[in-house]
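# Close look at the chain arrangement
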There are 2 protein chains.
Amino acid sequence: MHKKLFIPGPVEVRPDVLEKMATPMIGHRSKDASALQRRISDKLRQLFYTKEEILLSTTSGSGLMEGAVRSCTAKRAAIFSVGAFGNRWYDMAKSNNVPADLFEVEWGKPTTPELVDEVLSTGKYDLITITHNETSTGLMNPVEEIAEVMKKYPEVVYCLDTVSSMGGTKIEVDKLGVDICITSSQKALGLPPGIAACSMSQKAVERAKQVPNRGLYLDLLSLYEYIQKKDYQYPSTPSLSHMYALDYQLDRILEEGIENRFKRHKEMAEVVRAWAREHFEIFPDERYMSNTLTNIKNTRNIDVADLNKKLGERGFQISNGYGKLKDKTFRIAHMADCTMEDIHDVLKNIDEILGF
Amino acid sequence: MHKKLFIPGPVEVRPDVLEKMATPMIGHRSKDASALQRRISDKLRQLFYTKEEILLSTTSGSGLMEGAVRSCTAKRAAIFSVGAFGNRWYDMAKSNNVPADLFEVEWGKPTTPELVDEVLSTGKYDLITITHNETSTGLMNPVEEIAEVMKKYPEVVYCLDTVSSMGGTKIEVDKLGVDICITSSQKALGLPPGIAACSMSQKAVERAKQVPNRGLYLDLLSLYEYIQKKDYQYPSTPSLSHMYALDYQLDRILEEGIENRFKRHKEMAEVVRAWAREHFEIFPDERYMSNTLTNIKNTRNIDVADLNKKLGERGFQISNGYGKLKDKTFRIAHMADCTMEDIHDVLKNIDEILGF
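Sequence order as written defines residue numbering, which begins from 1 separately in each chain. Whichever chain is written first becomes A and whichever ligand is written first becomes 1, with later ones labelled in order. Local features in a predicted model are, by the rule used here, given only for residues with pLDDT of at least 70; side-chain atom pairs are given and counted only at 80 or more, and totals for whole chains, interfaces and linings are based on all residues. Hydrogen atoms and water are omitted, and side-chain values are computed over all heavy atoms in the structure.

Cut-off, in case you're wondering: UniProt positions are given in the numbering used here, feature names are shortened, and annotations may be inferred rather than shown by experiment.
Chain A goes by Aminotransferase in an unreviewed UniProt entry, where it is assigned to Clostridium omnivorum. Its UniProt record gives chain A a comment under Sequence similarities (unreviewed entry), which states: "Belongs to the class-V pyridoxal-phosphate-dependent aminotransferase family." Listed under Cofactor (unreviewed entry) in UniProt, the entry text for chain A is "pyridoxal 5'-phosphate".

What follows is the structure, given as C-alpha cells:
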C-alpha cells in the first residue's frame, strides 16, 4: 500500500505532476530544451521574487549548497547553523578546503540578526550561509530582520538555504538582499527529488570570478556562463524528466496563486500546531516556527517508530526526530500540495492510534 | 511531433520505462529505499561483470567522472583523451586543482596500450582516466589491450568512462582491472538522463582515504561509506524516479540477455557502418569503431542541419558532428532499445531526403 507522505521531503506528488515525469525525451541541445529551461527560469523568478538569473542543477539541494560556498568564498565563510542542515553546510566548506567558521546556536533557537552583525563586524568574512527553514528543528529563521543587518555589509555574499520552504512561504529574494537562494524539487515545490535550483546575483557572479579552484559540476559560475553562452542550456545532460515536471508544476503553482499557496501552508501549519500544543509541545522557540513542517516535542514519551508503523498500515507516514532528536521529537510536514483535508486525516489517525 | 532520437544521448526511452518515472514517492530513509538501491546495485554488478560496490549518483555521468579524478588522485593523474569527453576529464582535474597531465591523440585515433605504458613507466602517475567510448569521434578504445599493460602498474587507480557504452557492449570490469567504471542512464542503458552509476574497487576506496579535500556531493568515498553505514542509502535525497525506472529497466535488460543485447548493438552498428561506407566514409580508424554510435565523415559536404531539419519533419533526429567536427561529420547512434527496424527506418528516410 502506498503511504501518503507527511515527511519533510520527499513529499507526496500529485498524479498529474508524476505523469509529466514520463514525458518522452528530447535532445538536450535542441531549441526545445532551451525553451523549456527558459520557461522554468521565468516562472521561478516569479516565485523567488527576483530579477536575477536562475540556475538549475541535476543534483539534490546539497549539490547547489556545496557549489555556492565553494564558488563564492574568496576570503572566509561564516556558516550560521540552527541544526543539521546548517552543520552540513559547514562540512561542505571544510571538505572543500574553503576557510569557514561555524556559528551554531542551540537547536530550537534561531540565528539572530544580532549574532550575524556581531560576526560580520569582525570584517573577517566575505560570505555567509543562513538556513531559512531548518527541517531538523522545525524552525524558520527571521530573514527579514537579518536582511536589515546585511545592508551594513554590501561586500558579503549572502547564501540562503530555502530547500524546504521555497514555494511554501514568501521569500522575497531581491528585497532580502539574498545573493544565492537555493531550493530543491522534493519539498514545498511538490516534485520528486532530483533537481535543484538557485538564484544568482551579479554580485555572486563577480565574486565567483575571483575564486580559483571551483570545480566543474557544482560550479555556479560555469552553470551561469553556460546559460548565457548557450541560450539556457545545461553544461552536461540535465534531468529532462524533472524539467518537464517542474515546468508543469510551476504553472499549477502560479495558477493556485503564490499568495494563496503561502496562505494554505500557514493555515495547515496552524492546525498542526494547535494539535501539537493540545497533546504535546512544540520543539522550537514558538516565535520562529516553520510554516512547512512542525517539530513536536515527544513529551508523552510515545514510541515514535511504533506510531509510524501503525500509521503506515493506514497509509500515512510522518517523520521521527532528526539525528540527536530521534525519539525526542517527531515531525509532521505540511507542505507542497498537501491539503487541509490531508492534515485533518493524518491527525485523526494519530489520535485514534494514540487514543486521544 | 515527437522525434525518435538517434543521437548519442539522451536516447529514445521505451514507454513502459518512462511510465516507471511516474511512480509515487517513498521516504528515502525507508527500508523500501534501501531495498530498491540494493536491487539496482546487484543487477548493475551483473552488467558490469564486477563483484565490487556500485555507487549511484544523482548527477549526469560528468558528476561521477569529476568525483573519481578528484577523490582518487593522491599524486598525479594521467588523462588519456581521444576527443571532447577525454578533454572534459582534464578540465575536471584542473578545475579541482588535481595535478594532471593530458595525453590527447589525434581525433579518430585510439589511446594505444603503448602510449599508456610509456606514460606510466615514468612513475609520475597514480591514477589514469580512459574513455571507453568517445561520442565526439565515434571511437571505442582497445580496453582489453590496455588491461594487459595495466597489470604492470598495480598501484595505479584505473578510471574508465563507459558513459556511452555500458549496456551496449561487453565491459568486464573486474577482468579488465578497472577500479572505477562510470556510466550514465541516458545512453545504452535506455533511461532518461539524471542518474549515474559507477563501480568502485577496494583499491580505489583505500586510495580515496589518503586524499584530503575531496568535497562532499561528488566524493566517491562518502557515497561508498554511506552505503556501508546506512544499508544502501544515499547521503542526500536521490532521484527516486530514476531509481524506479533503472530497477525496472535492468530487469528488462537481463531478460533480453546481456549477450543478446550486445549482439543486437553490434548488428545495428554493422548496418549503419555498411550504409556509411556506401555513401560516405567512417570517421574514426576502422579498427576502433564504436558499437553504440557511428560517426560519419561528411565527404559529400551535405548540409547536416538541413538534413536533420527534414528528418525532424519525418519524426527522426540524428546528431551533427561534435565541437570542431560540426558539419565535418554527422553521427547516428544505435544504442539502448533501438531496434534493427528503427535503424532501417532512419536510414531509409535519410536515403529519401538525400536522393540516394
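Having seen the structure, we can now continue with the description.
## Some details on the packing of helix H11 (residues 258–279) of chain A against helix H13 (residues 340–354) of chain A
All names here are of chain A. Put simply, the rule reads: Only C-alpha atoms enter the line fits that serve as axes; for helices the fit covers just the stretch in contact. Angles between N-to-C directions range over 0 to 180 degrees. In this description a helix means any DSSP run of H or I spanning at least four residues, a strand means any run of E spanning at least two, and both kinds are numbered starting from the N terminus. Put simply, angles under 35 degrees are roughly parallel, angles over 145 are roughly antiparallel, angles from 65 to 115 are roughly perpendicular, and the rest are oblique. Less than a right angle of anticlockwise turn of the near helix away from the far helix marks a crossing as left-handed, whereas a clockwise turn marks it as right-handed. Should any heavy atoms of two residues lie within 4.5 Å, those residues are considered in contact.
One can describe the packing of H11 onto H13 by two numbers: an axis separation of 9 Å at closest approach and a directional angle of 15°. On the basis of their axis angle, the class for H11 and H13 is roughly parallel. In the packing of H11 onto H13, the handedness of the crossing is right-handed. Residues Glu 267, Met 268, Val 271, Val 272, Trp 275 and His 279 of H11 form the contact with H13, whose own contacting residues are Met 340, Ile 343, His 344, Leu 347, Ile 350 and Asp 351.

## Quick look at the UniProt feature "domain: Aminotransferase class V" (unreviewed entry) in chain A
Mapped onto this numbering, the UniProt entry gives "domain: Aminotransferase class V" (unreviewed entry) at residues 26–321 of chain A. Here residues 26–321 of chain A is 44% helix and 17% strand, with 42 Å between the C-alpha atoms at its ends.

## A short note on the packing of aromatic side chains
For any pair of aromatic rings, the description rests on two quantities: the centre-to-centre distance and the angle between the ring planes. As a reminder, the rule being used: Centres within 6.5 Å are what make two rings of Phe, Tyr or Trp a pair, Trp counting through its six-membered ring; a difference in plane orientation under 30 degrees is then read as stacked, over 60 as edge-to-face, and the rest as tilted. When a residue's accessible area, from a 1.4 Å probe over protein chains only, is under 20% of the maximum for its type it is buried; when over 50% it is exposed; and in between it is partly exposed.
A full pass over the atoms with the stated rule returns 17 aromatic pairs over all chains. Between the aromatic rings of Phe 6 of chain A and Phe 316 of chain A, the centroid separation amounts to 6.1 Å while the plane-to-plane angle is 40°, which identifies the pairing as tilted. Here Phe 316 of chain A lies in strand E13 (residues 316–317) and Phe 6 of chain A lies in the loop between strand E1 (4–5) and helix H1 (15–20), a separation of 310 residues in the sequence. Phe 316 of chain A matches Phe 6 of chain A in its accessibility class, with the two residues each being buried. Ring geometry for Trp 275 of chain B against Phe 280 of chain B: centres 5.8 Å apart, planes inclined by 40°, an arrangement best described as tilted. An identical accessibility class is assigned to Trp 275 of chain B and Phe 280 of chain B; each is buried.

## With respect to the relation of the copies chain A and chain B
Rule in force here: Copy-to-copy superposition: least squares on the C-alpha atoms, limited to residues that have pLDDT of at least 70 in both copies.
Aligned on chain B, chain A shows an RMSD of 0.0 Å; the corresponding rotation is 180° and the shift along the axis is 0.0 Å. Such a combination of turn and shift is consistent with a two-fold rotation axis. When the interface residues of chain A are mapped onto chain B, 100% of them are again interface residues, pointing to one common binding face.

## Comments concerning the side chain of His 265 of chain A
Residue and element names in this part refer to chain A. To keep things clear, this is the line we draw: Polar contacts, as used here, are pairs of N or O atoms within 3.5 Å; protein pairs need one atom able to donate a hydrogen and one able to accept it. Residues neighboring in sequence count only if both atoms are side-chain atoms.
Tracing the sequence through the fold places His 265 in helix H11. Only 2.9 Å separates the side chain of His 265 from the backbone nitrogen of Ala 336, close enough to count as a polar contact. With near-sequence residues (within four places) excluded, His 265 lies in contact with Gly 167, Gly 168, Ala 188, Asn 291, Thr 292, His 334, Met 335 and Ala 336.

## Details of the interface of chain A and chain B
What counts, and what does not: Buried area, as used here, totals the accessible surface that two parts lose on assembly, with accessibility defined by a 1.4 Å probe and the loss added over both. A carboxyl oxygen of Asp or Glu within 4 Å of a side-chain nitrogen of Lys or Arg is what we treat as a salt bridge. Three categories are distinguished: nonpolar for Ala, Val, Leu, Ile, Met, Phe, Trp, Tyr, Cys and Pro, charged for Asp, Glu, Lys and Arg, and polar for the others, with Gly belonging to the last.
Listed by partner, the interface residues are 49 residues for chain A and 49 residues for chain B. Taking both sides of the interface into account, the surface hidden between chain A and chain B amounts to around 3,400 Å²; carbon and sulfur atoms contribute 62%. Among the residues of chain A in contact with chain B, Met 25, Leu 216 and Tyr 217 of chain A are the three that bury the most area, contributing 17% of the side total. Joining chain A to chain B, the criterion identifies 0 salt bridges. Every element with two or more residues in the side of chain A that touches chain B is listed here: H1, helix H3 (61–72), helix H4 (84–95) and helix H10 (240–256) of chain A. Partitioning the side of chain A that touches chain B into residue classes produces 20 nonpolar, 23 polar and 6 charged.

## Points about H13 of chain A
Residues and elements named next belong to chain A. We count it as follows: To estimate how far a helix should extend, the number of its residues minus one is multiplied by 1.5 Å. The directions considered for the arc run from the helix axis to the C-beta atoms.
The end-to-end C-alpha distance of H13 is 21 Å, a good match for the 21 Å that 15 residues give at a rise of 1.5 Å each. Looking at H13, one finds that the buried residues are Asp 342, Ile 343, Val 346, Leu 347, Asn 349 and Ile 350. For H13, the angular spread of buried residues about the axis comes to 155°, placing them on one side. Against E1, H11, helix H12 (304–313), E13 and strand E15 (329–333) lie the buried residues of H13. At the C-terminal side of H13, Gly 355 shows a positive phi close to 70°.

## Some remarks on the sheet that holds strand E11 (residues 281–282) of chain B
Residues and elements named next belong to chain B. Using the following cut-off: At least two DSSP bridges between two strands are required for those strands to pair.
If you trace the 4 strands from one edge of the open sheet to the other, you get E11-E12-E15-E14, paired in antiparallel fashion. Each having just a single partner strand, E11 and strand E14 (319–320) make up the two edges of the open sheet. Direction of pairing for E14 relative to strand E15 (residues 329–333): antiparallel, over a ladder of 2 bridges. The residue of E15 that forms the bridge with Asn 320 is Phe 330. The strands that helix H11 (residues 258–279) touches are E11, strand E12 (293–297) and E15; relative to E12, the one it contacts most, it runs at about 5°.

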